[in-house]
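Fold and geometry: a report
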Amino acid sequence: MNNIIESLISIDADKMFVILLAIFFTIEQLLENGSAIKKNSIHLFHSIILQAGYIILNILFASLFVFIFNWVAENNIGLINQIELPYIIKIIVGIIAIDFVGYWAHRLNHKWHLFWRLHRVHHSDTKMDSSTSFRAHPFDVILDNASVFVAGILFGLDIKIIILRWILYMPLFVAHHVSFGFPNWVDSFFGKIFVTPNFHKVHHHQDQKYTDSNYGNMFIIWDKLFGTFKELPVDKIKYGLIEFEGAKKQSFWYLLISPFINIKRLDK
């Protein structure tokens, strides 16, 4: 088991992200018979530029993560360090804990106007595809990392658990944003516990009552437990935000400065 864990955490996360994007983007082009590849490539370009800033900030945070979570482990900080548990149980508890804190952080991103100004860049995409997973404002990384910091310190997680959780979550994260729907049996079987791609797509609906639902990252149980779960057929979903419609408002530069512009939230 230790060898498997060591192998997983040794994976280069950035390379894995690019490989996953390439695989899903290729599938999307095949399903569209290549008819929209030029339009899709332009869409991909704007998202990748945003992601470049995101990655740079993540690199800066990486050293801080290692220092803080090594300190947490060495000083037995956090809940699960107060009891003797097999390491595999600590991993499972840690992954669940990060997702639990992430659920509430995600809700806060939608409910607090200051956070929403940053987070809405991810929701601005009126054409959902795999590159939407790259579409996030660089400063949004601060919000993402903050929730991991809180979970890690509160529950006493080490850096291996933090990395392992991201490696396991990444394929699901990219799959959440692909342009094609998944068979209903995926929701019926896996959707009892996990956030399936079809469930996450509901979260990207233009209608705010759906945008403000399905906040979970890996596990759908938080939404079902706290009353924020909603279902809708994928073909009924209209993606993005009304206030971001139009080619100009989908450009890299507009998305980058949009948190600093007073943009009224519109609804259907």
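Residues numbered from 1 in each chain as written. Predicted model: local features only at pLDDT ≥ 70, side-chain atom pairs only at ≥ 80, totals over all residues. Heavy atoms only, no water.

1. Points about the packing of helix 4 (residues 87–111) against helix 6 (residues 140–155)
To keep things clear, this is the line we draw: A fitted line through C-alpha atoms represents every axis, and for helices the fit uses only the stretch in contact; the resulting angles, taken between N-to-C directions, go from 0 to 180 degrees. In DSSP terms, a helix is any run of H or I states spanning at least four residues, a strand is any run of E spanning at least two, and both are numbered starting from the N terminus. Here roughly perpendicular refers to angles of 65 to 115 degrees, roughly parallel to angles under 35, roughly antiparallel to angles over 145, and oblique to all remaining angles. Take the far helix as your reference; a near helix turned counterclockwise from it by less than a right angle gives a left-handed crossing, and one turned clockwise gives a right-handed crossing. In this description, contact between two residues means that some pair of their heavy atoms is separated by no more than 4.5 Å. In this count, Pro and Cys sit with the nonpolar residues alongside Ala, Val, Leu, Ile, Met, Phe, Trp and Tyr, while Asp, Glu, Lys and Arg are called charged and the others, Gly among them, polar.
Between helix 4 and helix 6, the shortest axis-to-axis distance is 9 Å and the interhelical angle comes to 140 degrees. The angle between helix 4 and helix 6 falls in the class oblique. For the crossing formed where helix 4 meets helix 6, the hand is right-handed. Residues Ala97, Ile98, Val101, Gly102, Ala105 and Asn109 of helix 4 pack against Leu143, Ser147, Val148, Val150, Ala151 and Phe155 of helix 6. Taken together, the residues that form the contact of helix 4 with helix 6 break down as 9 nonpolar, 3 polar and no charged.

2. A closer look at the packing of aromatic side chains
Between two aromatic rings, the relevant description is the distance of the centres plus the angle of the planes. Filter applied, for reference: By convention, a stacked pair of Phe, Tyr or Trp rings (six-membered ring in the case of Trp) has centres within 6.5 Å and planes under 30 degrees apart, an edge-to-face pair has planes over 60 apart, and any other such pair is tilted. The buried label goes to any residue with under 20% of its type's maximum accessible area, the exposed label to any with over 50%, and the partly exposed label to all in between, with areas taken from a 1.4 Å probe on protein chains only. Here, a charge over a ring is recorded when the distance from Lys NZ or Arg CZ to the ring centre is within 6 Å and its angle to the ring normal is within 35 degrees.
Counted under the stated rule, the structure contains 22 aromatic pairs. Between Phe180 and Phe182, the ring centres sit 5.5 Å apart and the planes meet at 35 degrees, which makes this aromatic pair tilted. Take Phe180: its relative accessible area is 18%, and that puts it in the buried class. The ring of Trp116 carries the charged tip of Arg265 above its face, separated from the ring centre by 4.1 Å.

3. Thoughts on the pattern of salt bridges
Close approach of charged atoms allows side chains of opposite charge to pair. For clarity, the cut-off: We define a salt bridge as a contact between a side-chain nitrogen of Lys or Arg and a carboxyl oxygen of Asp or Glu at a distance within 4 Å.
Across all of its chains, the model carries 4 salt bridges by this definition. Between Asp129 and Lys127 there is a salt bridge whose closest N-O contact spans 3.3 Å. The partner of Arg265 in a salt bridge is Asp212, and the shortest N-O contact between them spans 3.6 Å. Linking Arg265 in the segment after helix 12 (252–257) with Asp212 in the loop between helix 10 (208–211) and helix 11 (221–225), this pair joins segments that are 53 residues apart in sequence. Look at the salt bridges and you will find they share partners, linking Lys111, Asp212 and Arg265 into a network.

4. Some points on the UniProt feature "transmembrane region" (unreviewed entry) in the chain
Formally: UniProt positions are given in the numbering used here, feature names are shortened, and annotations may be inferred rather than shown by experiment.
When the UniProt feature table is mapped onto this chain, "transmembrane region" (unreviewed entry) is found at residues 12–31, 51–73, 85–105 and 148–168. Across residues 12–31 one finds 95% helix and 0% strand; the C-alpha atoms that close the span lie 29 Å apart. Annotation note: span residues 148–168, helix share 86%, strand share 0%, distance between end C-alpha atoms 15 Å.

5. Observations concerning unusual backbone geometry
Positive phi outside glycine occurs at Asn76, with the angle close to 55 degrees. Counting through the fold element by element, Asn76 comes out in the loop between helix 3 (37–74) and helix 4. Judged by its relative accessible area of 45%, Asn76 is partly exposed. With phi around 50 degrees, Asn214 is a residue other than glycine that occupies positive phi space.

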